[in-house]
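The primary structure of each chain is shown beneath.
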Amino acid sequence: MKKFEPIRFEGVGGRRPLIIAGPCSAETEEQTLSTAHRLSACGFRIFRAGLWKPRTKPGCFEGVGEQGIGWLARVKRETGMYVATEVATREHVAAALAGGIDLVWIGARTTANPFAIQEVADALEGHDIPVLIKNPVSPDLELWIGAVERICNAGIRRIGVIHRGFTSVDKSLYRNPPMWSIPIELHRRMPGLPIFGDPSHIGGRRDLVAALSQEAMDIGYDGLIIESHCSPDEAWSDKDQQVTPEVLRGICEGLQIRESNDLTEDLSRMRSEIDELDDRLMELLSQRMEVSRRIGDYKKRHDMAILQSDRYRELLARRMAQGETLGMDPKFVLAVLSAIHEESVRQQMDEPGCR
Ligand code: PEP
Ligand code: MN
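The model shown is predicted, which means the values in this text are computed figures rather than measured ones.

**Q** Which residues make up a nonpolar patch on the surface, and what values go with them?
**A** Together, Leu 326, Met 328, Phe 332 and Val 336 give the surface a local cluster of nonpolar side chains, amounting to about 380 Å² of exposed area. As for its position among the elements, Met 328 is in the loop between α12 (309-325) and α13 (330-348).

**Q** Go over the pattern of salt bridges with me, naming the residues and quoting the values.
**A** All chains considered together, the criterion is met by 20 salt bridges. Notably, a salt bridge pairs Asp 207 with Arg 205, separated by 2.7 Å at the nearest N-O pair. For Arg 206, the salt bridge identified is with Asp 233, shortest N-O distance 3.2 Å. Taken together, the residues span a long stretch of sequence, with Arg 206 in the loop between α8 (199-203) and α9 (209-219) and Asp 233 in the loop between β8 (223-227) and α10 (245-253) at a distance of 27 residues. For Arg 206, a relative accessible area of 32% gives the class partly exposed. Look at Asp 233 and you get exposed, because its relative accessible area is 56%. Taken together, the salt bridges that share partners define one network made up of Glu 29, Arg 74 and Glu 78.

**Q** Which residues make up the site of ligand 1, and what values go with them?
**A** Around ligand 1, the surrounding shell consists of Cys 24, Arg 48, Lys 53, Glu 86, Trp 105, Gly 107, Ala 108, Arg 109, Lys 134, Arg 164, His 201 and Glu 227. Side-chain polar atom of Arg 48 to an oxygen atom of ligand 1: 2.9 Å apart, as the coordinates give it. The contact in question runs from an oxygen atom of ligand 1 to an N or O atom on the side chain of Lys 53, over 2.9 Å. Considering ligand 1 on its own, with 290 Å² of exposed area, one finds that the protein chains cover 96% of that surface. Considered class by class, the residues forming the shell around ligand 1 number three nonpolar, two polar and seven charged.

Basis of the calculations
Residues numbered from 1 in each chain as written. Chains lettered and ligands numbered in written order. Predicted model: local features only at pLDDT ≥ 70, side-chain atom pairs only at ≥ 80, totals over all residues. Heavy atoms only, no water. Patch = residues over 30% accessible without salt bridge, like charges linked within 9 Å, V, L, I, M, F, W, Y side chains within 5 Å. Areas by Shrake-Rupley, 256 points an atom, 1.4 Å probe, with all protein chains shown as cover. Salt bridge = Lys/Arg side-chain N within 4 Å of Asp/Glu carboxyl O. Helix = DSSP H or I, 4+ residues; strand = E, 2+ residues; numbered from the N terminus. Buried < 20%, exposed > 50% of the residue type's maximum accessible area, 1.4 Å probe, protein only. Near = heavy atom within 4 Å. Polar contact = N/O pair within 3.5 Å; in protein donor to acceptor, adjacent residues only side chain to side chain. Nonpolar A, V, L, I, M, F, W, Y, C, P; charged D, E, K, R; others polar.

Below is the structure:
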């Protein structure tokens, strides 16, 4: 595959992160312009706004459509910002190209569909515009790479990817758990491909935006795409994850950008592996407690005592042996198993504060 070219904009500093900021959706001309003016006053130079919104269910706000192109043109004229929007069909691409949009991105639901990606790729053929490709909703690296290849085969050279997290059936702190190892593997497979973090869609909560942005920077991402709204609580889509332009400025000023050498990059990668493992551990522990509660209910219904010592002895012996095989300190294994067992019993007793 031919090499990717960097995504740069004249007049926008070359230091990372390149930040794309703006509302999830353009809602009204006034909201779009007011958000853009405030972002511009805070020093942001690239404006995002979704015009065509892929919503899970019909009847939700599905975007203002093509009329928003004129609003983005006004943003450009009045603030000098570059403007970006999401495209999912050939009609969207045609409207974006005709309307002077400076960058387009492809949404997670579109990346998941090779027919849709091919349609967008065909419509982009012969045009020179930067294209960012979000990860597909499912944790499928090959599907993501396939989408990059389709856009690349259409002759687009300024390509980047956006890591926006993955749908999960497990309860999680995040709206879309990051599963950092997937974008890290993508980076290994496609070196030189710029990566943008999307803390808004990963976290789904505004209080997670700063930490997720920092993690993205620690790993070495090139940019961030962050949702910002003039009045987040009144946003028509994704209101819980949007921040005001001024809050976003604070978050960005607080980012520590460590210029990576091999050593720090390796360390950051290992730390994100640890974070991911801890996420899984926490989710597993919570699932285990949920099963304990069900066992407690069962025992109650069948008049069984909660403490079944034989079962616990047998379980402990088996896990201690497994711990030894895995090379873990027996004292540590015993402490962990005892703590888990103690809490499981408490859950089965349905003590106040358990649920
Ligand atoms: C968006 O950026 O507003 C959006 C719809 O994102 P995603 O495709 O990541 O869900
Ligand atoms: Mn959104």
